[in-house]
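# Architecture and fold: a report
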Amino acid sequence: MPEIHAVLSASASKRWLACPPSARIAEKLPDKTSVYAEEGTKAHSLAEKALRAYLAGKPLKRRPKDVDGEMWEAVDFYTSICIEKINEARKASPDAEVHVEERLDFSAWVPEGLGTGDMVIVSDSLIEVVDLKYGKGVAVSAKDNPQMRLYALGLYAAYGMLYGATEIRMTIVQPRIGNLSYEMLTVEELLKWGESIKPIARLAFEGGGKRCAGEHCRFCKAAPTCRALHDYELAVVQEATKPEELTDIDIAEIVKRADGIKKWLTAVEEYALHEAVTNGTVWPGLKVVEGRSVRKITDTDKARALLEKAGYSADDIMKPRELKTITALEKLVGKKAFGEILGGVVEKPPGKPTLVDESDKRPPMDLETVKDTDFDDSLLNA
Ligand code: SF4
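First things first, this report covers the structure right here in the doc. The structure presented is a predicted model; accordingly, all values stated were derived computationally and were not measured. (Residues numbered from 1 in each chain as written. Predicted model: local features only at pLDDT ≥ 70, side-chain atom pairs only at ≥ 80, totals over all residues. Heavy atoms only, no water.)

## Considerations on the nonpolar core
Among the nonpolar cores identified, the biggest contains 36 residues, and Leu8, Trp16, Val110, Val129, Leu150 and Leu155 are the most heavily contacted of them. Among the elements of the structure, α1 (13-18), β2 (114-122), β3 (127-132), α5 (146-163), β4 (167-174) and α6 (187-205) are those that each provide at least two residues to this core. Ala50, Val75, Met119 and Leu132 belong to the second largest nonpolar core, which has 23 residues in total. (Core = buried A, V, L, I, M, F, W, Y, C linked by side-chain atoms within 4.5 Å. Buried < 20%, exposed > 50% of the residue type's maximum accessible area, 1.4 Å probe, protein only. Helix = DSSP H or I, 4+ residues; strand = E, 2+ residues; numbered from the N terminus.)

## Let's talk about the pattern of salt bridges
Applying the stated criterion to the full structure yields 20 salt bridges. A salt bridge links Glu39 to Arg176, with the nearest nitrogen and oxygen atoms 3.9 Å apart. Here Arg176 lies in the loop between β4 and β5 (179-186) and Glu39 lies in helix α3 (residues 35-55), a separation of 137 residues in the sequence. When sorted by exposure, Glu39 lands in the same class as Arg176, which is buried. A salt bridge links Glu88 to Arg169, with the shortest nitrogen-to-oxygen separation between them at 3.9 Å. Residue Glu88 is located in helix α4 (residues 69-92), and its partner Arg169 is located in strand β4; the two are separated by 81 residues in the primary sequence. On the basis of relative accessibility, which here comes to 49%, the residue Glu88 falls in the partly exposed class. When its relative accessible area of 16% is taken as the criterion, Arg169 is described as buried. Among the charged side chains, a network of salt bridges with common partners joins Glu39, Asp68, Glu70, Lys136, Arg176 and Lys331. (Salt bridge = Lys/Arg side-chain N within 4 Å of Asp/Glu carboxyl O.)

## So, α6
For α6, built from 19 residues, the straight-helix expectation of 27 Å at 1.5 Å per residue is met to within 8% by its first-to-last C-alpha distance of 25 Å. Taking the largest bend as the criterion, α6 deviates by roughly 35°, centred on Lys198, and proline Pro199 comes between one and four positions later. Summarising the contacts, the buried residues of α6 are in contact with α1, α2 (22-27), α5, β4 and β5. (Expected span 1.5 Å × (residues − 1). Bend = angle between axes of the 7 residues up to and from the residue. Contact = heavy atoms within 4.5 Å.)

## Some thoughts on the sheet that holds β3
In spatial order, the strands read β1-β2-β3-β4-β5; together these 5 strands make up an open sheet with mixed pairing. In this open sheet, the two strands that pair with only one neighbour each are β1 (97-105) and β5. Mean inter-strand twist for the sheet, computed between neighbouring axes without regard to direction, equals 25°. When β3 meets β4, the two strands line up parallel, connected through 6 bridges. Bridge pairing in β4 links Ile127 to Ile168. Against the sheet, α4 touches β1, β2, β3, β4 and β5, its axis set at about 55° to β2. On the sheet, α5 packs against β1, β2, β3, β4 and β5 and is oriented at approximately 150° with respect to β3. (Pairing = 2+ DSSP bridges. Axes fitted to C-alpha atoms, helices over the stretch in contact; angles between N-to-C directions.)

Put into structure tokens, the structure is as follows:
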């Protein structure tokens, strides 16, 4: 990170390996940035700075002013793990090399394949690539992770033969949810995997193959207009409409897929609105109108003076000062410090019942403890 622009980027490899034509389709569509992507970039630059400072013997001691407590703690968690790995590698092999933000060229397997390893360690006993994931939405596993394997191939191409490595470790550190995941492969296994994806990568580079929809469509720029995804999302609903009454299996299938279907519907709605507003697209049977708007006071000092003149006291018209939300406070001070300072006055009540896939790691809920009032609209929001 930041990912080098490539048609077949490592970060999108899960998608183009499953749906080869998506690489060239997405290439023609505009990029969208998000506040989460910007946060991730900022965390990566801080992590790079912190690791370089450590390697130069001048570790960062103070939190920069523009970094909040949450990011400072997350980067500290990541760098602590990296430092442990560096020390371990140097103990086993004193001339172990450490590189930060290392460019990794895996073009021997994937046309024009280039990526960046957040930290790599190379020694004659082990070579390793470590990737920082700043997101906290979904825990990312390093097992069977094509992005990590492509980085590992690039690492092997650069150093593997020189150091005579026999094993490669790929590690993901996702500090905000305490996720530390790794996969260890022998060089033989890694190269075998590299050979297996070569024809798919070539096909994807040439823009060939058939569209294939699935979980991997989540971040595809073509999602709002893709017929294959439309058919995939609606198949479960259409299937379920055959008998007059839905079966338990139908309902369970719909609930399992509800999250993906909702996200796809939102992506289509956002795309249609964006096209209508910015490009003047007229969609059959639709029109753009003004949505609901909320009144706002344009001059709060003047409004206060006018209300006081009208006989209302400050107590009547002013809001009491209140603490920010727990999420905002935790972001401000950092998770660890938040626990230390406020642990005694924060409680976490049991969550509301939620239906999830049975593979979910959480244990089943004790339904004896559920009250009727626990059911509301949030039931389906995992
Ligand atoms: S949205 Fe369409 S093009 Fe994109 S990955 Fe899914 S099936 Fe392929």
